[in-house]
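# Fold and geometry: a report
Residues per chain, in single letters:
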Amino acid sequence: MSKWVEEELEPGLRVSYGLKEVLASTKSKWQHVDLVDLQPFGRVLMIDGLVQSCQSDEFVYHESLVHPAMLMHPNPKTVYIGGGGEGSTAREVLRHKSVEKCMMVDIDGDVVDFCRKFLPENTAAFADPRLELIIDDAKAVLENASGFDVIIMDLDDPLEGGPCYQLYSMEFYTMLKAKLNPGGIFVTQSGAAGIKMMEAVFTPVHSTVRHVFPAARAYNQAVYSFMDEWGWNLGFTDAAASKLLTPEEVDARIAERIVGELKFLDGEAYTGLMSLTKRHRQKLSAETRILSTEKGTFAAMHNQGLCVAPDAGPGHNQTTKQ
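Residues numbered from 1 in each chain as written. Predicted model: local features only at pLDDT ≥ 70, side-chain atom pairs only at ≥ 80, totals over all residues. Heavy atoms only, no water.

By the secondary structure assignment, Thr 78 is in strand 6 (residues 78–83). A sequence separation of 72 residues divides Thr 78 from Val 150, and the C-alpha atoms of the two residues are 6.7 Å apart. Residues contacting Thr 78, with those up to four places away along its chain left out, are Lys 101, Gly 147, Phe 148, Asp 149, Val 150 and Asn 181. From its side chain, Thr 78 meets the backbone oxygen of Gly 147 in a polar contact 2.8 Å long. (Helix = DSSP H or I, 4+ residues; strand = E, 2+ residues; numbered from the N terminus. Contact = heavy atoms within 4.5 Å. Polar contact = N/O pair within 3.5 Å; in protein donor to acceptor, adjacent residues only side chain to side chain.)

Take a look at the structure:
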């Protein structure tokens, strides 16, 4: 393999991927986007040179992001997606027969157009009449909307100087909670969540969601192409709704509600997502940081290493996920 793509995951740790072919590229106001064929993963969406979504395992991330919240809600009809420009999050939401409206808001129309053109697995989602696609700031649109059963934040990690750090904050989550219907559920991607990296974003986001919502749940799953475990956090407007479903309940709801067969999630896999290690449970329980734009406390990543506000923990370098 004569060409390689390299990412620095943290100081002293780099990973290289064999590059077979650059399939398409574009540059927007916000970022540079490539569709490439990488030897270990197949077709890969890269943004600013960093792996975002791989054909080989993107379904692990997107099914984990979408379906636990959707299945734990008794009857999700209205859904808001912040980010998710590639369309895969909307694809999974729209598999639910109960959904009547899915509003997806992404700030980068060029990326959305690129993915609509080059990711055929999401063609049906983009064409679905239930999808309301808005190219705008996710926070600004949500401030002027309401009445959602489920809100899904599929955003970039909070990067230093980037547009997303304020969407991982107490103030944003407080506003967001008011946009949910009674019994509504919120879920956000929460960055790397392995043994070493979980305290960068995963645990403080959980602490912040827990601070705002009556109940919160954190969960994680290994995503091979991200070279780590990945984390998500759920917030519940009704604490009773945070009770875990049994494997049998999950399988029954999947069979009743979802069109087609899921590749990753079933009742047993759902139980696995929610079964965190002892170390994870200890760190989540002990976490006290509350991310706040007003107080200037937030975990922010950048390509030279993790930059964190005072008392926010140690630094490292981490790839981004959209």
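Turning our eyes to something else, we now look at a negative patch on the surface. Together, Glu 248, Glu 249, Asp 251, Asp 266 and Glu 268 make up a region of like negative charge exposed at the surface. Considering each element in turn, the negative patch owes the most residues, 3 residues, to helix 8 (residues 247–257). Locating Asp 266 in the fold gives a position in the loop between helix 8 and helix 9 (267–274). The class for Asp 266 is partly exposed, based on a relative accessible area of 36%. (Patch = residues over 30% accessible without salt bridge, like charges linked within 9 Å, V, L, I, M, F, W, Y side chains within 5 Å. Areas by Shrake-Rupley, 256 points an atom, 1.4 Å probe, with all protein chains shown as cover. Salt bridge = Lys/Arg side-chain N within 4 Å of Asp/Glu carboxyl O. Lys, Arg positive; Asp, Glu negative; His and termini not counted. Charge placed at Lys NZ, Arg CZ, Asp CG, Glu CD. Buried < 20%, exposed > 50% of the residue type's maximum accessible area, 1.4 Å probe, protein only.)

Summarising burial for strand 10 (residues 180–192): 10 of the 13 residues are buried, a large majority. Sheet topology places strand 9 (residues 148–154) next to strand 10; 5 bridges connect them, and they run parallel. Following the sheet pairing, Ile 151 is matched in strand 10 by Phe 186. (Pairing = 2+ DSSP bridges.)

The sheet built from 5 strands is open, its strands ordered 1-2-3-4-5 with antiparallel pairing. The open sheet has two edge strands, strand 1 (4–10) and strand 5 (50–54), and neither has a second partner. Sheet twist, expressed as the mean angle between neighbouring strand axes with direction ignored, is 45°. Here 7 bridges tie strand 2 (residues 13–27) to strand 3 (residues 32–38), and the two strands are oriented antiparallel to one another. Looking across to strand 3, one finds that Glu 21 is bridged to Asp 37. Packing of helix 3 (residues 109–118) onto the sheet brings it into contact with strand 2, strand 3 and strand 4 (42–47), and relative to strand 3 it is tilted by some 30°. (Axes fitted to C-alpha atoms, helices over the stretch in contact; angles between N-to-C directions.)

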